[in-house]
Amino acid sequence: AAALVGAHMRPLPQGEKAARRFVHRLRPLLPDLLRLMVADREAARGPLASEAGRRRYRLALAQVIRRLEAEPAPAAPLVDGRGVMRMLGLAPGPAVGAALRALEEARAVGEVRDLAEAEAYLRHMAAAQGWPVDERPLRGAGTHDDGGGGGGGDGGGGERTDGDGGDDTDTCATDACSDDPGRA
């Protein structure tokens, strides 16, 4: 109930991209949030609301409902935390979660549609944040769109070199997350 009350004063989105973002961010509260927003608006404005204002509100509300019906549940992630850590050379921590949340929102609004776009988005985000970027392509382990190719493997986590002369220890010690020896 507290989450509904906290979110009900948000304005309804204007435009398709904004509607996608609204649904992505507030999905756990929908459709109850929409009911509360309409009830609050009608209780506060009642007969004072203009017909044009009501029409705009109904259109914005319909746009959110269409987005919710078009994608009733979020799609499976393209990349998981291990994939982000491997690709960007990050250690486990808040940056991995921030990258995953940003990626999922970008996907929800249509900026990212597949693994290649996810990789490009994450590399751009990492560069903007000043994070180190591993230039090897992401594939296999840590993704949910690996085309069945798997990660290959060298028998364990081991170490890899990122070309700067120093070694980066892989954060994953399983065969499924090991480096592909053909990508050195």
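From a predicted model like this one, the values you see are computed outputs, not experimental measurements. (Residues numbered from 1 in each chain as written. Predicted model: local features only at pLDDT ≥ 70, side-chain atom pairs only at ≥ 80, totals over all residues. Heavy atoms only, no water.)

**Remarks on the packing of helix H3 (residues 32-45) against helix H4 (residues 51-70)**
A pair of packed helices is captured by two measures, namely the crossing angle of their axes and the spacing between those axes.
Phase 1: In contact at an axis separation of 12 Å, H3 and H4 are set at 175° when each is read in the N-to-C sense. Considering their axes alone, H3 and H4 lie roughly antiparallel with respect to each other. Here H3 contributes Leu-34, Met-37, Val-38, Arg-41 and Glu-42 to the contact with H4, which in turn contributes Gly-53, Arg-54, Tyr-57, Leu-61, Val-64 and Ile-65.
Phase 2: In terms of residue class, the contact of H3 with H4 is made up of seven nonpolar, one polar and three charged. (Axes fitted to C-alpha atoms, helices over the stretch in contact; angles between N-to-C directions. Helix = DSSP H or I, 4+ residues; strand = E, 2+ residues; numbered from the N terminus. Parallel < 35°, antiparallel > 145°, perpendicular 65-115°, else oblique. Contact = heavy atoms within 4.5 Å. Nonpolar A, V, L, I, M, F, W, Y, C, P; charged D, E, K, R; others polar.)

**Digging into the packing of aromatic side chains**
Phase 1: Counted according to the given criterion, the structure contains zero aromatic pairs.
Phase 2: The positively charged end of Arg-41 is found above the aromatic ring belonging to Tyr-57, 4.3 Å away from the centroid. (Phe/Tyr/Trp six-rings, centres within 6.5 Å; stacked < 30°, edge-to-face > 60°. Lys NZ or Arg CZ within 6 Å of the ring centre and 35° of its normal.)

**Some remarks on the environment of Arg-41**
Phase 1: Relative to the helices and strands, Arg-41 resides in helix H3.
Phase 2: Sequence spacing of Arg-41 and Met-9 is 32 residues, and the spatial spacing of their C-alpha atoms is 9.2 Å.
Phase 3: In contact with Arg-41, not counting residues within four places along its chain, are Gly-46, Ala-49, Gly-53, Arg-54 and Tyr-57.

**As for the packing of helix H6 (residues 94-108) against helix H7 (residues 115-129)**
Phase 1: Interhelical geometry of H6 versus H7 gives an angle of 130° and a closest axis separation of 10 Å. Comparing the axis directions of H6 and H7 gives the class oblique. Here the hand of the crossing between H6 and H7 comes out right-handed. Residues Ala-98, Ala-99, Ala-102, Leu-103 and Ala-106 of H6 touch H7, and the partners they reach there are Ala-118, Tyr-121, Leu-122 and Met-125.
Phase 2: Its residues assigned to classes, the contact of H6 with H7 shows nine nonpolar, no polar and no charged. (Left-handed = near helix turned anticlockwise from the far one by under 90°.)

**Here's the deal with the pattern of salt bridges**
Phase 1: The tally for this structure, following the rule as stated, stands at 11 salt bridges.
Phase 2: For Arg-20, the salt bridge identified is with Glu-16, shortest N-O distance 3.5 Å. Of the two residues, Arg-20 and Glu-16 are both situated in helix H2 (residues 16-26); the distance of four residues between them amounts to about one turn of the helix.
Phase 3: Assessed through its relative accessible area of 25%, Arg-20 is described here as partly exposed.
Phase 4: The exposure class assigned to Glu-16 is partly exposed, which follows from its relative accessible area of 35%.
Phase 5: Residues Arg-123 and Glu-119 are paired through a salt bridge, measuring 2.9 Å at the closest nitrogen-oxygen approach. You can see Arg-123 and its partner Glu-119 sitting in helix H7, four residues apart, about one turn around the helix.
Phase 6: Look at Arg-123 and you get buried, because its relative accessible area is 14%.
Phase 7: Taken together, the shared-partner salt bridges in this structure form one network comprising Glu-16, Arg-20 and Arg-67. (Salt bridge = Lys/Arg side-chain N within 4 Å of Asp/Glu carboxyl O. Buried < 20%, exposed > 50% of the residue type's maximum accessible area, 1.4 Å probe, protein only.)

By themselves these figures say nothing about function.
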